Amino acid sequence: MSLLLAYRTNTAYDRWWEGRKLWGALVNNSRNLAIKLNAYLEEERDKIYFKNLISTYAIVLSKHLMNEEVGLQLFEGLDLDIEHHKHKPNQVASILFQRANNLYKTGQITGEQFIIINSELQSFAEICGACERIKNTPIPYSYNAFIKKFIFFFVMTLPFGFVFSLGYYVIPVVVFIFYVLASLELIAEEIEDPFGGDTNDLPIAKIAENIRKHVYEIM
């Protein structure tokens, strides 16, 4: 029983921790891209455009994963051709790459500089895809149902094994064991989707806002 619950909890925690590492990578890559572009670009309008676009990607991705609508005001001042019925993070990432490619074509950055920032540009779509894999691949319902049924029958039969040795003390013991097992299952169920709005989910909206703040400070 303990091994079964441990595996269930570890599986859910692994998903939560993988989501945290992905958003940590997005923080680092956003900063690195901002640092490099700030050094490469000479035109102030280009710096303003990219700092807005980089921070916008993080915010759009957070809303996309939380199934929230993206307000039009988020794109004000960026002159983006965004279709709101399509995948918004992909559209922003595509525009970001196209704009960087235009810098190369117009000679504002060299080919070597474009190759250097390409890894950060590419990572945005990769991080989005990995987060969607976690979100769209829930723990199978049959597995969750089996765990709950197993806990129920285990707790119901537990008094028969201890009633003769514990007497009436078996009641608080069984209640405590049920509380522990049920709590572990509820915690695992809550964190298996780390991109929701529950208390124990990742604060991706706050992380996205921190990315915006850091990028603005750099550029």
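Structural notes, computed from the coordinates. (Residues numbered from 1 in each chain as written. Predicted model: local features only at pLDDT ≥ 70, side-chain atom pairs only at ≥ 80, totals over all residues. Heavy atoms only, no water.)

### Digging into the state of the cysteines
Thinking step 1. Applying the stated criterion across every chain yields a total of zero disulfides.
Thinking step 2. Just so you know, C128 is unpaired, no disulfide at all, and the nearest cysteine sulfur is the one on C131, 7.0 Å from it.
Thinking step 3. Classification of C128 as buried rests on a relative accessible area of 1%. (Disulfide = S-S within 2.5 Å. Buried < 20%, exposed > 50% of the residue type's maximum accessible area, 1.4 Å probe, protein only.)

### Comments concerning the packing of aromatic side chains
Thinking step 1. Tallying each qualifying case throughout the model produces six aromatic pairs.
Thinking step 2. Relative to F124, the ring of Y57 has its centre 5.0 Å away and its plane inclined at 10°; by these criteria the two rings are stacked. Taken as a pair, Y57 in helix α2 (residues 44-65) and F124 in helix α4 (residues 111-135) lie far apart in primary sequence, 67 residues in all. Assigned by exposure class, Y57 and F124 land together as buried.
Thinking step 3. Judged by centre distance (5.4 Å) and plane angle (75°), the rings of F152 and F153 are edge-to-face.
Thinking step 4. Here the aromatic residues F97, Y104 and F114 are joined through ring pairs into a cluster of three or more.
Thinking step 5. Residue placement shows K51 over the ring face of Y216; its charged tip is 4.8 Å from the ring centre. (Phe/Tyr/Trp six-rings, centres within 6.5 Å; stacked < 30°, edge-to-face > 60°. Helix = DSSP H or I, 4+ residues; strand = E, 2+ residues; numbered from the N terminus. Lys NZ or Arg CZ within 6 Å of the ring centre and 35° of its normal.)

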